[in-house]
Amino acid sequence: MYIYKMSEFDMIKTSKPDLNAKTMVNYRNLYKRLKEIVGDKDITSLSQDEVIKAVNDVKGKKGEPATPSVKTSLLSLALVLREAFELDVGELKKAILKSREEVKTHTVEVNNVLIKDELPSVKELTTHLEGLYAAEKWRPYIMNWLMINLGVRNKDLNLEIVDKKAKQELDPEKNYLIVNGKTSIDYQRGDFKTVKKFGDMENSITNKKFINAARHVLDTEGDNRFLLSLGKNQQIAETSLNKWVSKHTLNDMGQGKIFKAVIASASKKKTEKLSDTRGTALDTIHDFYDVNKVIKKKGSKKAKKEAEPKPKETEALKEILAEAPKPKAKKFKIIKKPEALVEDW
């Protein structure tokens, strides 16, 4: 009498019956790769340290070390297998957490190499900014000024422009531009990505053109004072921030690339100031936004040219890479004339 013995891989389906077919195909391909790496042994017969070492030693097609995304996928598959057999996964979890950080860093480095020569200069960004002002595009001007000069993110731009008389009634968990007549504006932020770490922020802005732009919105548009406005005092939904902000930047480049362009030419003192106004640690700026540092680390122009392509996302890695910036292979053209501006806002 033949007795069917469930395979190691079959245990995944048994323990996770809700997995869709595509995910199972991805898992099966990863399982085959991992089996080859460990000499066709059952993964669950090995210790966690043995699996981790084997994965860390794995090579790519050209004999180079495998990318962090590949290692993360293999380790994740090993974890799923051990969980199916109710085995300890503590060391694998630690290894995966470390590998995930390497995925983010590696992806950002590759993307920075790709966009290095495509980033506009600060002068080009400023010329575009002046074009918005000349065309009386007050809201896009305000948005771009804040991104260029304070390095803020999309969420920081989700704000309301108010008169100083309303200051006592403001919600401390929201963002405002508080217009103090013709002399200054208080940029008050209580809702931004790193507020829990850096706390509420308030910056005083004395730039005359910026003040004039904010006063135009305040004085001429009645109660429609949200910077990101749909009209009739309707504020943009948070899920639409990236698309909405990007379409009002130079060639849709978005706040992430603007920040990289500014950092690329910033002095040490300027970078420290942007770290404070953005609410981002200096280490994060150097590791993820300083394209000059990445190029130097990679070495020569040849090294940059031969940089690895952006790793493909698997089902298992979509969540890991969700926040990683993605490159757009296009050159930025500057808008010099007000009439060339596309968005009529």
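Rules behind the numbers
- Residues numbered from 1 in each chain as written.
- Predicted model: local features only at pLDDT ≥ 70, side-chain atom pairs only at ≥ 80, totals over all residues.
- Heavy atoms only, no water.
- Buried < 20%, exposed > 50% of the residue type's maximum accessible area, 1.4 Å probe, protein only.
- Helix = DSSP H or I, 4+ residues; strand = E, 2+ residues; numbered from the N terminus.
- Pairing = 2+ DSSP bridges.
- Salt bridge = Lys/Arg side-chain N within 4 Å of Asp/Glu carboxyl O.
- Axes fitted to C-alpha atoms, helices over the stretch in contact; angles between N-to-C directions.
- Contact = heavy atoms within 4.5 Å.
- pLDDT = per-residue confidence, 0-100.
- Expected span 1.5 Å × (residues − 1).
- Arc of directions from axis to C-beta.
- Polar contact = N/O pair within 3.5 Å; in protein donor to acceptor, adjacent residues only side chain to side chain.
- Parallel < 35°, antiparallel > 145°, perpendicular 65-115°, else oblique.
- Left-handed = near helix turned anticlockwise from the far one by under 90°.
- Nonpolar A, V, L, I, M, F, W, Y, C, P; charged D, E, K, R; others polar.
- Core = buried A, V, L, I, M, F, W, Y, C linked by side-chain atoms within 4.5 Å.

Chemist: Which parts of the structure should I look at to understand the pairing of strand β3 (residues 184–189)?
Modeler: Walk down a regular strand and you will see the side chains alternate between the two sheet faces. Counting buried residues in β3 gives 6 out of 6 residues, a clear majority hidden from the surface. Of the two faces of β3, both are covered, the one formed by Ser-184, Asp-186 and Gln-188 as well as the one formed by Ile-185, Tyr-187 and Arg-189. Relative to β3, strand β2 (residues 175–180) is paired through 6 bridges, and the arrangement is antiparallel. Bridging from a neighbouring strand, Leu-177 pairs with Tyr-187 of β3.

Chemist: Could you clarify how one ought to interpret the pattern of salt bridges in this entry?
Modeler: On inspection of all chains with the given rule, the structure shows 8 salt bridges. Among the salt bridges present, the one from Lys-209 reaches Glu-130, with a minimum N-O distance of 2.5 Å. Here Lys-209, found in helix α9 (residues 208–220), pairs with Glu-130, found in helix α6 (residues 122–134); they are 79 residues apart in sequence, far enough to count as distant. Look at Lys-209 and you get partly exposed, because its relative accessible area is 35%. Residue class for Glu-130 comes out partly exposed when judged on its relative accessible area of 31%. Of the charged contacts, one joins Asp-191 and Lys-155 as a salt bridge, the two residues approaching to 3.3 Å between their closest N and O atoms. Here Asp-191, found in the loop between β3 and α8 (195–198), pairs with Lys-155, found in the loop between α7 (138–150) and β1 (160–163); they are 36 residues apart in sequence, far enough to count as distant.

Chemist: What should I look at first to understand unusual backbone geometry in this one?
Modeler: Peptide bonds are mostly trans, and most non-glycine residues show a negative phi. Unusually for a residue other than glycine, Glu-136 sits at a positive phi of about 60°. Tracing the sequence through the fold places Glu-136 in the loop between α6 and α7. In this structure, Asn-251 takes a positive phi of about 50° despite not being glycine.

Chemist: It is not clear to me how the sheet that holds β1 should be interpreted in this structure. Could you clarify?
Modeler: One key point about sheets: their strands pair by backbone hydrogen bonds, in either a parallel or an antiparallel sense. One open sheet accounts for 4 strands, arranged β1-β2-β3-β4; its pairing is mixed. Each end of this open sheet is capped by a strand with a single partner; those strands are β1 and β4 (201–205). Adjacent strand axes in the sheet meet at a mean angle of 20° when their direction is disregarded. Across the face of the sheet, α9 comes into contact with β1, β2, β3 and β4 while running at roughly 85° to β1.

Chemist: For this particular structure, what's the right way to read helix α12 (residues 268–278)?
Modeler: An α-helical turn contains 3.6 residues, so a residue and the one three or four places further along point in the same direction. Buried residues of α12: Thr-271, Leu-274, Ser-275, Thr-277 and Arg-278, and no others. One or two positions beyond α12, positive phi appears at Gly-279, with a value near 80°.

Chemist: Just to check I follow, could you spell out the confidence of the model for the protein chain for this structure?
Modeler: Low-confidence regions, as indicated by low pLDDT, have predicted coordinates that should not be scrutinised in detail. For the protein chain, the mean per-residue pLDDT works out to 82, and 80% of the residues sit at or above 70. Across the protein chain, the element-wise mean pLDDT spans from 42 in helix α15 (residues 301–305) up to 97 in α7. Throughout residues 298–345 the model reports pLDDT below 50, and contacts reaching past four residues in sequence, or to other chains, amount to 93 contacts.

Chemist: Just checking my understanding: could you explain helix α2 (residues 21–37) for this structure?
Modeler: In this model α2 runs 24 Å from its N-terminal to its C-terminal C-alpha over 17 residues, within 8% of the 24 Å that 1.5 Å per residue would give. Among the residues of α2, those classed as buried are Thr-23, Met-24, Tyr-27, Leu-30, Tyr-31, Leu-34 and Lys-35. Down the axis of α2, the buried set is contained in an arc of 140°. They therefore lie on one face. More than 90 degrees from the buried face of α2, the exposed residues found are Ala-21, Lys-22 and Glu-36. In this structure, the buried side of α2 is in contact with α1 (10–15), α3 (48–56) and α4 (68–84). Between a side-chain oxygen at the N-terminus of α2 and the backbone nitrogen of Lys-22 the separation is 3.2 Å; the capping residue is Asn-20.

Chemist: Explanation requested: the packing of helix α11 (residues 254–264) against α12 in the structure shown.
Modeler: Between two packed helices, both the angle of their axes relative to each other and the distance between the axes serve to describe the pair. In contact at an axis separation of 11 Å, α11 and α12 are set at 155° when each is read in the N-to-C sense. As summarised for this structure, α11 and α12 are arranged roughly antiparallel, according to the angle between their axes. Classified by chirality, the crossing of α12 by α11 is right-handed. Contacts between α11 and α12 involve Gln-255, Phe-259, Val-262 and Ile-263 from the former and Thr-271, Leu-274 and Arg-278 from the latter. Partitioning the contact of α11 with α12 into residue classes produces 4 nonpolar, 2 polar and 1 charged.

Chemist: Help me understand the nonpolar core in this model?
Modeler: Burial of nonpolar side chains together is a common tendency in soluble globular proteins. If you look at the biggest cluster of nonpolar residues, it comprises 47 residues, and the most contacted ones within it are Ile-142, Leu-146, Leu-157, Ile-161, Phe-210 and Leu-228. For this core, the secondary structure elements donating two or more residues are α6, α7, β2, β3, α9, α10 (241–246) and α11. Ranked by the residues each element gives to this core, the list is headed by α7, at 9 residues. Counting 25 residues, the second largest nonpolar core, distinct from the first, contains Ile-12, Val-38, Leu-74 and Ala-78.

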